[in-house]
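What follows is the residue order along each chain.
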Amino acid sequence: VNTARLLASTWSVDPLAIVACATAVVLAVWAGQRRTGSGLACLLAAAATIVLAVASPLGVIADGYLFSAHMLQHLLLLLVAPPLALLGLPAMASVPPTAPARLRVRPIPTWGTWALGVAAMWLWHAPTLCNAASQSAFVHRTQEVSLLLLGTLFWIPIVGPRLGRRLRPLTGVVYLFTACAACTVLGIIVTFSPVEVCSVYLRPTDRLGIVPLLRDGWGLTPERDQELGGLLMWVPSCFVYLLGILGLLSRWYRTAQDDAGVAHREPA
Amino acid sequence: MTTTMSPLDASPDASAQAALETGPYSWVATVDHKRIGILYLLTSLFFFAVGGVEALFLRLQLSRPDSHFLSPAVYNQIFTMHGTTMIFLVVMPTLVGFANYLVPLMIGARDMAFPRLNALSYWLFPFGGLLLHFSVITGGAPAAGWFGYAPLTEMPFSSTPGTDYWIVALLVLGVGSVASAINMIATVLTLRAPGLIIPRLPLFVWMTFVTSFLIVLAIPVLNAALVMLLIDRRLEAHFFTHVGGGNPVLWQHFFWTFGHPEVYIMALPAFGMISEIIPVFSRKPIFGYEFVAGSTVAIAVLSFGVWAHHMFAVGLGRTADLAFAASSMLIAVPTGVKIFNWIATMWGGAIRFTTAMLFAVAFLIEFVIGGLSGVTLAAAPIDWQVTDTYYIVAHFHYVLFGGTAFAVMAGIYYWFPKMSGRLLSEKLGRLHFWLVVVGFNLTFFVQHFLGLIGMPRRVFTYPDRPGWGALNMSSTVGAFIMGLGMLVLVVNLVVSRRRGAPAGDNPWGAWTLEWATTSPPPPHNFSELPPVQGRRPLWDLAHAGPANARSAAGAIAGAAEGAFEKSAVAVWAFVASEGGFFLILILAYLYFNAPRAGADGGAAPTLDARSAGLFTACLLASSFAAWRAEKALARAERSGAVAWLAATVLLGVLFLAGQAREYVGLWQHGVTVSSDLFATTFFTLTGFHGLHVAAGLVALTVALGLVRSGDCTRERPGALRAIGVYWHFVDAVWLVVFSLVYVRPLL
């Protein structure tokens with residue numbers, strides 16, 4: 001087996017990928033008149049990200065072969081697909097102040113969505129859960145779906161369709177920065193840890209006969225694999241949060257909001 | 001709004017008050033941000049002279065090969081003191097001094113959010129400097145470099161108290177820095193003039209604001225590492241020595257996790273000064289305000305993820321090297337964006353080359369050189385080649401002197417008229433400028449070549465290799481030219497303060513709020529505040545006529561109606577800082593107690609999880625009681641609040657008693673802080689937590705007194721709320737500690 005063969009032959013038809021594509025089409029149709037070009041592009045990108053994460057060779061290698069591939073899949077499902085999908089939704093009107101109280105409060109408080117988003121990163125890398133996800137198809141599927149759901153909850157306060165419910169810029173920056181810090185801490189632990197986070201990846205069950213390729217051809221020994229996984233969790237994920245921060249700031253400068261969230265117009 | 005009164009305002013006797021306002025004592029007792037700012041700047045200037053003379057001694061020693069002008073021991077001490085002085089006693093306090101003086105003026109405030117805390121932050125600085133220099137008469141200054149690499153700083157290799165003084169001085173200075181950063185955050189968030197929304201902040205204020213977050217988060221990392229080192233040295237523990245199972249590389253990780261953000265702590269405010277000065281002397285608004293402001297945040301976030309590029313030579317492995325090389329190159333992007341913004345601001349502008357502008361333009365050139373050599377160092381293989389050579393010395397002096405110091409000198413020429421009411425002499429200024437530019441480049445540019453041909457740094461002398469002597473001599477000559485230039489600056493400051501041309505309110509035709517008041521400003525800063533409808537209020541005012549100026553009283557009253565409450569902002573910033581401190585202690589605990597392959601089980605067999613569970617319950621109950629106390633105060637039930645607070649204190653004391661009992665039990669079994677790494681990390685983590693509980697109890701007792709005496713009421717619950725946040729934080733930390741230390745071994 002060589003790299004080209006591996007990349008060409010391991011695409012699969014995955015139910016989650018099909019659901020993702022179908023949902024993207026439904027959302028695009030539902031948006032109808034309010035659909036914008038960039039919104040459609042975001043929806044398509046979100047669907048493509050999910051396909052890449054679960055139905056491509058990445059999904060296969062992530063399933064018990066390489067911890068680093070698993071981490072990449074994890075990031076795509078938690079940090080890339082959900083915000084893209086949310087950005088693809090048409091903006092919805094703010095809840096009017098006359099609406100019933102139950103519609104005006106956030107269903108989950110901000111610290112709650114933050115905690116859920118960070119927990120999705122920390123809990124699935126507890127050794128027991130991490131191993132279980134690679135050994136049971138059911139747990140694996142639960143993991144994928146939960147990442148998408150928790151990721152969506154995490155990103156709603158930042159890029160959710162209800163503009164009035166988004167966090168104020170400064171709060172949003174703190175929200176994302178602290179999430180980045182939480183990821184960084186775990187990434188540091190995984191990268192420099194002397195123990196294996198996920199022992200399954202030490203000796204993969206080689207159902208495709210690709211272990212020699214991964215170990216010798218790609219040079220990914222178990223230690224290096226875990227190191228790379230930790231660095232992926234740490235560096236690229238913080239870049240995603242940083243992009244979010246820069247997005248918040250640019251929106252802030254465009255609308256010139258004050259501390260209470262009221263927009264001021266700049267004099268020309 | 002309740003403006004904070006200085007003690008001087010409260011004095012009834014008018015003549016005594018006049019004496020207090022002008023005499024030397026008035027400078028000691030002052031809480032005026034302008035005077036404190038000037039004290040910071042003058043003290044920094046003094047230490048700059050000290051550090052500069054030290055540098056000249058180093059250069060004299062290095063002017064000839066195989067020189068014995070200084071002994072190796074003395075060289076190491078002077079070299080360590082030069083680095084430590086310049087970083088902690090010159091660059092940081094200079095920038096804090098400017099921020100102290102300018103930020104309240106630039107945002108149209110009367111003073112900082114916490115004037116007394118501000119005075120405390122200042123006084124910690126000279127006393128920290130005094131502690132550091134006191135080491136000289138205790139048997140020798142610290143001699144292990146400003147970076148204090150373990151194991152060289154450990155007892156067997158540095159046995160004089162110099163290193164201990166170094167540790168304690170840095171802790172004192174760190175506490176002062178964090179306090180002033182918290183103050184700065186609260187000031188910017190709560191005291192801005194009406195209309196001065198954050199997207200309109202002057203860039204110097206914005207960058208100081210962002211830097212304050214860096215200080216709040218980075219300094220505790222250093223503090224945690226310093227206390228571990230002190231425990232190693234004084235209590236015979238082994239965090240950073242191989243003997244006993246510790247790891248010297250861990251010191252480097254901790255130190256540079258602080259050290260790299262520190263680089264930006266020293267650079268970002270300087271960028272802010274440049275962003276104020278270049279537009280004014282180009283007669284154009286800054287090009288791409290949004291990019292300058294946004295890239296500052298990007299730099300701040302990225303700065304925490306690049307520390308290991310200081311450690312490429314340690315051998316972290318190829319994967320880590322690649323990741324850190326990539327992130328280090330990436331951080332050059334937002335920095336480069338700023339350079340282009342400043343150049344584009346000058347492009348097509350009506351440039352006036354005042355001395356301030358000359359220094360600003362020189363900053364651009366020198367900083368680009370330092371930045372480019374920095375990008376080369378981000379490539380791990382190049383770093384391996386030139387690490388520990390004079391190439392590195394050249395690089396960081398181009399960043400810190402060519403960058404920060406040049407920007408500060410531009411700032412001195414730009415803002416001295418505001419501080420003193422008189423202009424600095426342009427003639428002396430130009431002399432100063434050219435001496436410094438020529439001297440600086442002569443000193444440090446040649447060091448790039450010295451490094452590339454292999455001259456090692458941090459060594460007291462060097463062999464007579466072809467070219468080395470001549471290049472070093474030119475470096476020494478350059479250093480003395482620079483020293484001469486600095487003397488010219490001092491002469492200029494002294495002469496111009498007495499005889500300089502009167503400056504007037506706004507000598508440069510600038511447009512930020514500090515130029516709207518007199519030079520020097522009155523103690524209350526503004527009698528009248530112009531309206532703020534954009535980023536350049538004075539420009540708008542000049543083009544709209546003075547008719548719409550409004551009174552400062554109304555304006556400042558409006559400022560208090562913002563979305564932030566200053567005690568809440570301060571306590572959350574403080575909690576974030578403490579969180580960083582505990583994070584490092586916890587990481588050290590995890591690192592040394594992770595189950596290792598082949599190790600015989602966990603290392604925590606002697607702990608009694610059940611009794612620990614009991615006193616944990618006490619602490620949690622105390623959090624509940626604190627919460628009830630707040631609720632009672634909100635219902636204006638003073639006696640209820642007092643009772644619940646008393647219960648909080650009692651439960652906290654019970655927790656401490658339980659912990660003390662556990663400690664005594666361990667000591668009776670011979671388990672002490674130096675027994676093994678488990679005991680070391682256990683006592684360090686739980687001990688520092690215990691200290692925080694004790695501090696929290698003191699604060700709660702004060703709150704109890706305030707509630708009883710009626711100073712803390714439903715209308716003014718700030719104190720109780722702030723202490724409550726701190727207390728809940730201490731409890732939350734204990735939950736993490738408890739689950740890691742006591743519960744995890746049971747699983």
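No experiment lies behind these values; they were computed from the predicted model shown.

*Asks:* So what's going on with the overall build of chain B? Which residues, and what values?
*Replies:* Helix and strand counts for chain B come out as 23 helices and 2 strands. A globule of 747 residues ought to have a C-alpha radius of gyration of about 27 Å, and chain B, at 27 Å, matches this closely. Across its three principal axes, chain B shows a C-alpha extent of roughly 75 × 70 × 50 Å. A burial count over chain B gives 59% of its 747 residues as buried. In chain B, the proportion of contacts linking residues at least 24 apart, taken out of those at least 6 apart, comes to 82%.

*Asks:* Residue-level account of empty space enclosed by the protein, with values.
*Replies:* Residue and element names in this part refer to chain B. Tallied over the entire structure, the rule returns 4 cavities of 30 Å³ or more. The calculated volume of the largest cavity comes to roughly 150 Å³. Contributing to the lining of the largest cavity are 16 residues, with Phe88, Phe125, Leu173, Gly176 and Ser177 lying nearest its centre. The element that contributes the greatest number of residues to the lining of the largest cavity is helix H7 (residues 162–190), accounting for 6 residues. Residue composition of the lining of the largest cavity, by class: 11 nonpolar, 5 polar and no charged. Counted as a void, the second largest cavity has a volume near 130 Å³. Of all the secondary-structure elements, those providing two or more residues to the lining of the second largest cavity are helix H5 (72–106), H7, helix H8 (203–235) and helix H9 (248–282). Each residue belonging to the lining of the second largest cavity can be placed in one class, and the counts come to 9 nonpolar, 4 polar and no charged.

*Asks:* So, the packing of helix H6 (residues 115–134) of chain B against H7 of chain B: which residues are in play, and what are the values?
*Replies:* Residue and element names in this part refer to chain B. In the contact formed by H6 and H7, the axes pass within 8 Å of each other and the chain directions differ by 165°. Classified by the angle between their axes, H6 and H7 sit roughly antiparallel to one another. Relative to H7, H6 is oriented so that their crossing is left-handed. Contact with H6, carried on its side by Leu117, Asn118, Ser121, Leu124, Phe125, Gly128, Gly129, Leu131, Leu132 and Phe134, involves Tyr165, Trp166, Val168, Ala169, Val172, Leu173, Val175, Gly176, Ala179, Ser180 and Asn183 of H7 and no other residues of that element. Among the residues forming the contact of H6 with H7, the class breakdown is 14 nonpolar, 7 polar and no charged.

*Asks:* Could you give me a rundown of the interface of chain A and chain B, with the residues and numbers involved?
*Replies:* Each partner contributes to the interface: chain A provides 32 residues, whereas chain B provides 39 residues. Our count for the chain A to chain B interface comes out at 0 salt bridges. Taken together, chain A and chain B are joined by 1 residue pair in polar contact (both at pLDDT 80 or more). When residues of the side of chain A that touches chain B are assigned to their parent elements, the largest contribution, 13 residues, is made by helix H12 (residues 222–255) of chain A. In terms of residue class, the side of chain A that touches chain B is made up of 23 nonpolar, 2 polar and 7 charged.

*Asks:* Before we move on, can you summarise the pattern of salt bridges with the specific residues and values?
*Replies:* Residue and element names in this part refer to chain A. Under the criterion given, the structure shown has 11 salt bridges over all chains. Residue Glu144 is joined to Arg141 by a salt bridge in which the shortest nitrogen-to-oxygen separation is 2.8 Å. Here Glu144 pairs with Arg141, and both are found in helix H9 (residues 137–159), just 3 residues apart, close to one helical turn. When its relative accessible area of 3% is taken as the criterion, Glu144 is described as buried. The class of Arg141 is partly exposed, set by a relative accessible area of 29%.

*Asks:* Residues and numbers for the nonpolar core, please.
*Replies:* Considering soluble globular proteins, one finds that nonpolar side chains tend to be buried as a cluster. All names here are of chain B. Of all hydrophobic cores here, the largest spans 297 residues; its most connected members are Phe98, Trp206, Trp251, Phe406 and Tyr414. When near neighbours in sequence (up to four residues on either side) are disregarded, Phe98 contacts Leu41, Val103, Phe204, Met273, Val408, Gly411, Ile412, Trp415 and Met419. Within the second largest apolar cluster, 12 residues are counted, among which are Leu62, Tyr75, Phe460 and Tyr462.

*Asks:* I'd like a description of the environment of Leu189 of chain B, backed by residues and values.
*Replies:* Among the structural elements, Leu189 of chain B can be located in helix H7. Residues Leu189 of chain B and Lys566 of chain B, spaced 377 residues apart in sequence, show a C-alpha to C-alpha distance of 7.8 Å.

*Asks:* Please give an account of the packing of aromatic side chains that cites residues and values.
*Replies:* All names here are of chain B. On inspection of all chains with the given rule, the structure shows 81 aromatic pairs over all chains. On the basis of an interplanar angle of 80° and a centroid distance of 5.5 Å, the ring pair of Phe240 and Trp251 is categorised as edge-to-face. With a gap of 11 residues between them, Phe240 in the loop between H8 and H9 and Trp251 in helix H9 connect regions that are remote in the sequence. What makes Phe240 buried here is its relative accessible area of 0%.

*Asks:* So what's going on with the confidence of the model for chain B? Which residues, and what values?
*Replies:* Residues and elements named next belong to chain B. Averaged over every residue, the pLDDT of chain B is 91; residues scoring 70 or more account for 93%. Scored below 50 in pLDDT, residues 546–561 makes 25 contacts in the model with residues more than four places away or belonging to other chains. Note on the complex model: pTM 0.92, ipTM 0.88.

*Asks:* For the state of the cysteines, give the residues involved together with the corresponding values.
*Replies:* Residue and element names in this part refer to chain A. In this structure the tally under the stated criterion is 2 disulfides over all chains. Covalently, Cys130 is tied to Cys198 through a disulfide, its sulfur atoms 1.9 Å apart. Measuring handedness by torsion sign, the sulfur bridge of Cys130 and Cys198 sits at about -120° and is left-handed. You can see Cys130 sitting in helix H8 (residues 127–135) and its partner Cys198 sitting in the loop between helix H10 (169–192) and helix H11 (211–217), a full 68 residues away along the chain. Here Cys130 and Cys198 have matching classes, each one buried. Covalent S-S linkage joins Cys180 and Cys238, the inter-sulfur distance amounting to 2.2 Å. Every disulfide takes its handedness from the sign of the S-S torsion; for Cys180 and Cys238 that torsion is 105°, giving right-handed. Of this pair, Cys180 sits in helix H10 while Cys238 sits in helix H12, and the two are 58 residues apart along the sequence.

*Asks:* With reference to specific residues and values, describe the side chain of Thr389 of chain B.
*Replies:* Residue and element names in this part refer to chain B. Within the secondary structure layout, Thr389 lies in the loop between helix H13 (380–386) and helix H14 (390–420). Exposure remark for Thr389: the relative accessible area of 6% places this residue in the buried category. Contact partners of Thr389, with chain neighbours within four places excluded, come to Gly451, Met455, Pro456 and Arg457.

*Asks:* Which residues make up the environment of Gly51 of chain B, and what values do they have?
*Replies:* Residue and element names in this part refer to chain B. Its place among the elements puts Gly51 in helix H4 (residues 33–62). On the basis of relative accessibility, which here comes to 0%, the residue Gly51 falls in the buried class. Apart from the residues lying within four places of it in its own chain, the contact partners of Gly51 are His82, Thr85 and Met86.

Thresholds, definitions, all that
- Residues numbered from 1 in each chain as written.
- Chains lettered and ligands numbered in written order.
- Predicted model: local features only at pLDDT ≥ 70, side-chain atom pairs only at ≥ 80, totals over all residues.
- Heavy atoms only, no water.
- Helix = DSSP H or I, 4+ residues; strand = E, 2+ residues; numbered from the N terminus.
- Rg over C-alpha atoms; globule rule 2.2 N^0.38 Å.
- Buried < 20%, exposed > 50% of the residue type's maximum accessible area, 1.4 Å probe, protein only.
- Contact = heavy atoms within 4.5 Å.
- 1 Å grid on protein atoms, 1.4 Å probe; cavity = no way out; pocket = protein on both sides within 12 Å on 5 of 7 lines; lining within 4 Å.
- Points joined across faces, edges and corners; volume = space filled by probe spheres on them.
- Nonpolar A, V, L, I, M, F, W, Y, C, P; charged D, E, K, R; others polar.
- Axes fitted to C-alpha atoms, helices over the stretch in contact; angles between N-to-C directions.
- Parallel < 35°, antiparallel > 145°, perpendicular 65-115°, else oblique.
- Left-handed = near helix turned anticlockwise from the far one by under 90°.
- Salt bridge = Lys/Arg side-chain N within 4 Å of Asp/Glu carboxyl O.
- Polar contact = N/O pair within 3.5 Å; in protein donor to acceptor, adjacent residues only side chain to side chain.
- Core = buried A, V, L, I, M, F, W, Y, C linked by side-chain atoms within 4.5 Å.
- Phe/Tyr/Trp six-rings, centres within 6.5 Å; stacked < 30°, edge-to-face > 60°.
- pLDDT = per-residue confidence, 0-100.
- Disulfide = S-S within 2.5 Å.

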